[in-house]
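Residues per chain are reported as follows:
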Amino acid sequence: MSRPVDPVGPSYCDLRHDWTEAEARRIHDLPLPELLFSAQEAHRRHFDPAAIETATLLSIKTGGCPEDCGYCSQSARWDTGVKAGKLMQVESVLAEARRAKSGGATRFCMGAAWRSPKDRDLEAVCAMIEGVKALGLETCVTLGMLTPSQVERLAEAGLDYYNHNIDTSRDFYGEIVTTRRMDDRLETLDNVRAGGIKVCCGGIVGMGETSIDRISMLVTLATLERHPESVPLNMWQPISGTPVMDTAQPVDPIAFVRLVALARILMPQSVVRLSAGRGAMSDEAQALCFIAGANSIFTGNVLLTTGNPDRDRDALLLERLGMRTLAAPPSDPAPTA
């Protein structure tokens, strides 16, 4: 039987910021072949479907965070075995960045377990940013909440991306964090945007939220005035001692593929990254995620305090799929609307 000439469903390639949750749910619940077709159509309009961006994440200050995020091993409120450490020395961070670059990474991400950075610490972080950029890598940091003046200082250092996840839906947010509000996170994103730094913002699934919560999280991002340039999707991994251990439910692989496809359709120009939890995914599940529009992964065997597939496994998988990593940071997609 010949392939139909007309698409199997409506086209969702346009860049929009007026998505409704009802509309997103209808797309999410499409028969999987139709959903993947629409996601691939959107993906191919803006990206090379065989290219994967690679990034490496380093914890530059581990543990001791005063926040009560119920999923996090680095909160000082939970007995997880993670000890509070000091901010790494600049040269130690740059040594890790060199190793990341030699392993093929194009972006180097640095995370510190703070509610918000102190000015004295920000100076050291800015030195790290400047040093990493001098190596020819894109830079990203996640430091907690930022004031406009702190954003300005990071921008002066040449920071490319700031990561600040909204974690989950507005309705579920209070179930996992009480020391800050969703609006606090959105305010930091506004500050970052106003300072001219690109946004990396996604969330975590598998904490006990519903599929409606997951869809709502993506709609929150897709209705921002500008979509995040990077959207990391994390699957929560069991961490003994955290409150989420009592509510967590593993995410069905096909349900996660649907979420990736929805992210691609709602935010067609954004890079969608498979982040924490990828080590527990089969090769087949990862392949489906790439078909659904994921086009970035973290490389290296540790993400902050959780495990990650080693680079050899990633290289072998991409070789089997006939895909490749980007050799240099991608250029910004041309705006369409």
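Residues numbered from 1 in each chain as written. Predicted model: local features only at pLDDT ≥ 70, side-chain atom pairs only at ≥ 80, totals over all residues. Heavy atoms only, no water.

### Focus: the packing of helix H9 (residues 253-266) against helix H10 (residues 283-292)
Right, on to step 1. One can describe the packing of H9 onto H10 by two numbers: an axis separation of 8 Å at closest approach and a directional angle of 20°. Taken together, the axes of H9 and H10 are roughly parallel relative to one another. The chirality of how H9 crosses H10 is right-handed. In contact with Pro253, Ile254, Phe256, Val257, Val260, Ala261 and Arg264 of H9, H10 contributes Ala285, Leu288, Cys289 and Ala292.
Right, on to step 2. A class-by-class count of the residues in the contact of H9 with H10 yields 10 nonpolar, no polar and one charged. (Axes fitted to C-alpha atoms, helices over the stretch in contact; angles between N-to-C directions. Helix = DSSP H or I, 4+ residues; strand = E, 2+ residues; numbered from the N terminus. Parallel < 35°, antiparallel > 145°, perpendicular 65-115°, else oblique. Left-handed = near helix turned anticlockwise from the far one by under 90°. Contact = heavy atoms within 4.5 Å. Nonpolar A, V, L, I, M, F, W, Y, C, P; charged D, E, K, R; others polar.)

### What to know about the pairing of strand S2 (residues 107-112)
Every regular strand shows the same layout, with side chains that alternate between the two sheet faces.
Right, on to step 1. Along S2, six of the six residues are buried, which leaves the element largely enclosed by surrounding structure.
Right, on to step 2. Going residue by residue along S2, you find Arg107, Cys109 and Gly111 tucked away on one face and Phe108, Met110 and Ala112 tucked away on the opposite face as well.
Right, on to step 3. Judged from the six bridges that link them, strand S1 (residues 51-61) and S2 form a sheet pairing that is parallel. Considered in S2, the bridge of Leu57 is made with Cys109. (Buried < 20%, exposed > 50% of the residue type's maximum accessible area, 1.4 Å probe, protein only. Pairing = 2+ DSSP bridges.)

### A word on the layout of surface pockets
Over the atoms rolls a probe the size of a water molecule, and its path tells where empty space is left.
Right, on to step 1. By volume, the second largest pocket amounts to about 280 Å³.
Right, on to step 2. In terms of lining residues, the second largest pocket is bounded by 18 residues, among which Met235, Trp236, Gln237, Pro250 and Val251 are the most central.
Right, on to step 3. Its residues placed into classes, the lining of the second largest pocket shows 12 nonpolar, five polar and one charged. (1 Å grid on protein atoms, 1.4 Å probe; cavity = no way out; pocket = protein on both sides within 12 Å on 5 of 7 lines; lining within 4 Å. Points joined across faces, edges and corners; volume = space filled by probe spheres on them.)

### Thoughts on the nonpolar core
Right, on to step 1. Of all hydrophobic cores here, the largest spans 88 residues; its most connected members are Leu154 and Phe256.
Right, on to step 2. The dominant element in this core, judged by the number of residues it contributes, is H9, at nine residues.
Right, on to step 3. In contact with Phe256, other than residues within four places in its own chain, are Val205, Leu233, Met235, Val251, Leu274, Met281 and Cys289. (Core = buried A, V, L, I, M, F, W, Y, C linked by side-chain atoms within 4.5 Å.)

### Some thoughts on the state of the cysteines
Right, on to step 1. Using the criterion set out here, one finds zero disulfides in the structure.
Right, on to step 2. Unpaired in terms of disulfides, Cys72 finds its nearest cysteine sulfur in Cys69, a separation of 6.1 Å. (Disulfide = S-S within 2.5 Å.)

### Considerations on helix H8 (residues 211-222)
Right, on to step 1. Taking 1.5 Å per residue, 12 residues should reach 16 Å; H8 reaches 17 Å between its end C-alpha atoms and fits that length.
Right, on to step 2. With 10 of its 12 residues buried, H8 lies for the most part within the structure.
Right, on to step 3. For H8, the set of buried residues is Asp213, Arg214, Ile215, Ser216, Met217, Leu218, Val219, Thr220, Leu221 and Ala222.
Right, on to step 4. Elements in contact with the buried residues of H8: helix H1 (21-28), helix H6 (170-176), helix H7 (182-194), strand S6 (203-205), strand S7 (230-235) and H9. (Expected span 1.5 Å × (residues − 1).)

### Quick notes on the pairing of S7
Right, on to step 1. Within S7, six of the six residues are buried, leaving the element largely enclosed by the surrounding structure.
Right, on to step 2. Across the two faces of S7 the burial is the same, with Ser230, Pro232 and Asn234 and Val231, Leu233 and Met235 all buried.
Right, on to step 3. Here S6 pairs with S7 via three bridges, running parallel. In the sheet register, Ile204 faces S7, and the bridge partner there is Asn234.
Right, on to step 4. Note on the crossover from S6 through H8 to S7: the handedness is right-handed.
Right, on to step 5. Judged from the four bridges that link them, S7 and strand S8 (residues 271-274) form a sheet pairing that is parallel. The partner of Val231 across the bridge, within S8, is Val272.
Right, on to step 6. Between S7 and its parallel partner S8, the chain crosses via H9, and the hand of that crossover is right-handed. (Right-handed = clockwise from strand over helix to strand, strands pointing away.)

### A closer look at helix H4 (residues 119-134)
Right, on to step 1. Over its 16 residues, H4 runs 23 Å from end to end, which matches the ideal 22 Å to within 8%, given 1.5 Å per residue.
Right, on to step 2. Considering only its buried residues, H4 is in contact with S1, helix H3 (90-102), S2, strand S3 (138-142) and helix H5 (148-156).
Right, on to step 3. Of the residues flanking the end of H4, it is Gly136, one or two places downstream, whose phi is positive at about 90°.

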